[in-house]
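These are the residues of each chain, in order.
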Amino acid sequence: MPTIKSKKPQAKIRKVNFKFEKPFPKHWFNSNPIATHFMNAQHLVFPDGEKFFIRSVKAFTEVYANDEELRNRVKNFIGQEGTHFAEHQKFWDIMESQDLNPDGFVDFYRRTAWDGVEKWLRSNLKNKRIGDKLSLSVTVALEHFTAMLAESGIIHKDITEDMPQEMKDLFMWHAAEEIEHKSIPFDVLKKVDDSYALRISGMFIATFGLWFYLTKGTIYLTQQDKDVKRKDVLKHAFSFVNNFRKNFGNTLSSQYFQYFRKDFHPDQIDNYYLAEELLKNKNYA
Ligand SMILES: [Fe+2]
Ligand SMILES: [Fe+2]
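Reading the values: rules and limits
Residues numbered from 1 in each chain as written. Chains lettered and ligands numbered in written order. Predicted model: local features only at pLDDT ≥ 70, side-chain atom pairs only at ≥ 80, totals over all residues. Heavy atoms only, no water. Helix = DSSP H or I, 4+ residues; strand = E, 2+ residues; numbered from the N terminus. Rg over C-alpha atoms; globule rule 2.2 N^0.38 Å. Buried < 20%, exposed > 50% of the residue type's maximum accessible area, 1.4 Å probe, protein only. Contact = heavy atoms within 4.5 Å. Areas by Shrake-Rupley, 256 points an atom, 1.4 Å probe, with all protein chains shown as cover. Donors = N, O, S within 2.8 Å, 3.2 Å for Na, K, Ca; no water. Tetrahedral: all angles 85-135°; square planar, octahedral: opposite > 155°, others 65-115°. Phe/Tyr/Trp six-rings, centres within 6.5 Å; stacked < 30°, edge-to-face > 60°.

With that settled, the discussion passes to the overall build of the protein chain. What the protein chain contains, in helices and strands, is 11 helices and 0 strands. Expected size for 285 residues packed as a compact globule is a radius of gyration near 19 Å; at 19 Å, the protein chain falls within 12% of this value. Considering only C-alpha atoms, the protein chain reaches an extent of 55 × 45 × 35 Å along its principal axes. Here the protein chain, with 285 residues, has 54% of them falling under the buried criterion. Sequence separation of 24 or more characterises 87% of the internal contacts of the protein chain that already satisfy a separation of 6 or more. When the accessible surface of the protein chain is totalled, it reaches about 14000 Å², and 56% of it is carbon and sulfur.

Rendered as structure tokens:
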């Protein structure tokens with residue numbers, strides 16, 4: 001095994017308060033509306049997703065109640081995700097002021113993902129708590145995704161270079177904490193049910209769900225945006241996909257498949273040091 005560059009950090013709950021000034025540039029990411037709306041879609045998808053992560057680990061409190069270390073780690077995980085959703089949700093107001101009508105997408109997302117699929121799983125697969133376990137497994141898989149995206153985002157700093165400072169800080173802080181807490185829900189799932197089939201089933205649902213809602217959100221917001229010229233959509237989409245592939249492609253394609261190894265654990269991916277450096281440089285206590 002290659003040398004590990006950093007030791008596992010303790011996830012900490014940090015006080016932050018990002019402020020977005022109005023008027024905020026409408027196409028704030030690379031002056032590219034498609035790239036911007038992909039990021040805006042994350043502002044809409046993450047908060048309810050993070051509330052789902054919290055529900056999923058809380059559903060098994062009794063499993064780690066007597067394990068003091070894991071109980072504390074889960075408390076910090078919940079605290080971090082709770083701060084994340086609140087900070088991302090602040091941007092909804094700006095999107096509203098830009099006539100992007102974020103509620104239209106959020107309503108669809110809530111109706112289908114949480115009041116639809118999650119509710120169905122939890123209420124119909126009650127035997128051996130399969131529905132709850134599957135929800136936790138989806139959470140673990142989504143945490144793998146957020147850690148992969150976070151690693152790429154931190155390594156390829158130049159992609160956020162042109163972002164308004166406050167937005168850049170929000171995404172970088174979130175990225176660092178995603179890496180910091182990546183193994184916590186994984187360790188809960190291991191204690192709840194160590195089944196390989198369960199972990200992999202969660203990954204299939206997560207892969208479909210994440211890309212479906214991010215794509216749907218990007219298309220929805222682009223359609224709402226009156227300042228996007230139809231004739232330029234393909235050009236912007238092509239440039240966005242090309243940049244995304246260049247900056248995120250390698251990490252996503254290699255680390256995604258590592259998840260399918262039977263003995264996989266998030267600690268095997270050595271990226272804690274990236275989070276640690278970033279949080280230290282930015283003076284987050
Ligand atoms: Fe998060
Ligand atoms: Fe997370």
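Let's shift gears to the environment of Gly-116. On the secondary structure map, Gly-116 appears in helix 5 (residues 102-124). On the basis of relative accessibility, which here comes to 25%, the residue Gly-116 falls in the partly exposed class. When the C-alpha atoms of Gly-116 and Leu-170 are compared, they prove to be 30 Å apart, with 54 residues separating the residues in sequence. Those residues in contact with Gly-116 that lie beyond four places of it in its chain are Arg-110 and Arg-111.

The next thing to look at is the coordination of the iron ion (ligand 1). For the iron ion (ligand 1), the full set of protein donor atoms is Glu-50 (OE), Glu-81 (OE), His-84 (ND1), His-174 (NE2) and Glu-178 (OE), at a range of 2.0 to 2.3 Å. Spacing between the donor residues of the iron ion (ligand 1) along the chain follows E-x30-E-x2-H-x89-H-x3-E. A distance of 3.7 Å spans the gap from the iron ion (ligand 1) to the iron ion (ligand 2), which Glu-81 bridges by coordinating each metal. Of the two residues, Glu-81 and His-84 both sit in helix 3 (residues 68-89), 3 residues apart, roughly one turn of that helix. The two residues Glu-81 and His-84 agree in class, both being buried.

Turning our eyes to something else, we now look at the coordination of the iron ion (ligand 2). Protein-derived coordination of the iron ion (ligand 2) comes from Glu-81 (OE), Glu-143 (OE), Glu-143 (OE), Glu-178 (OE), Glu-178 (OE) and His-181 (NE2), at a distance range of 2.0 to 2.7 Å. The coordination sphere of the iron ion (ligand 2) comprises 6 donor atoms, whose angles at the metal cover 52 to 157 degrees; the geometry is irregular. In the primary structure, the donors to the iron ion (ligand 2) are separated according to the pattern E-x61-E-x34-E-x2-H.

Let us now look at the packing of aromatic side chains. Within the structure shown, the criterion is met by 31 aromatic pairs. Note on Phe-24 and Phe-91: the rings are 5.1 Å apart at their centroids and 75 degrees apart in plane angle, and the pair reads as edge-to-face. Placement of Phe-24 in the segment before helix 1 (33-58) and of Phe-91 in helix 4 (residues 91-97) is noted, with a sequence separation of 67 residues between them. Like Phe-24, the residue Phe-91 is buried in the burial classification. Seen in terms of ring centroids, Trp-211 and Phe-244 are 6.2 Å apart; in terms of plane orientation they differ by 80 degrees. Their pairing is edge-to-face. Of the two residues, Trp-211 sits in helix 9 (residues 196-224) while Phe-244 sits in helix 10 (residues 233-258), which places them 33 residues apart along the sequence. Overall, Trp-211 belongs to the partly exposed group, its relative accessible area being 25%.

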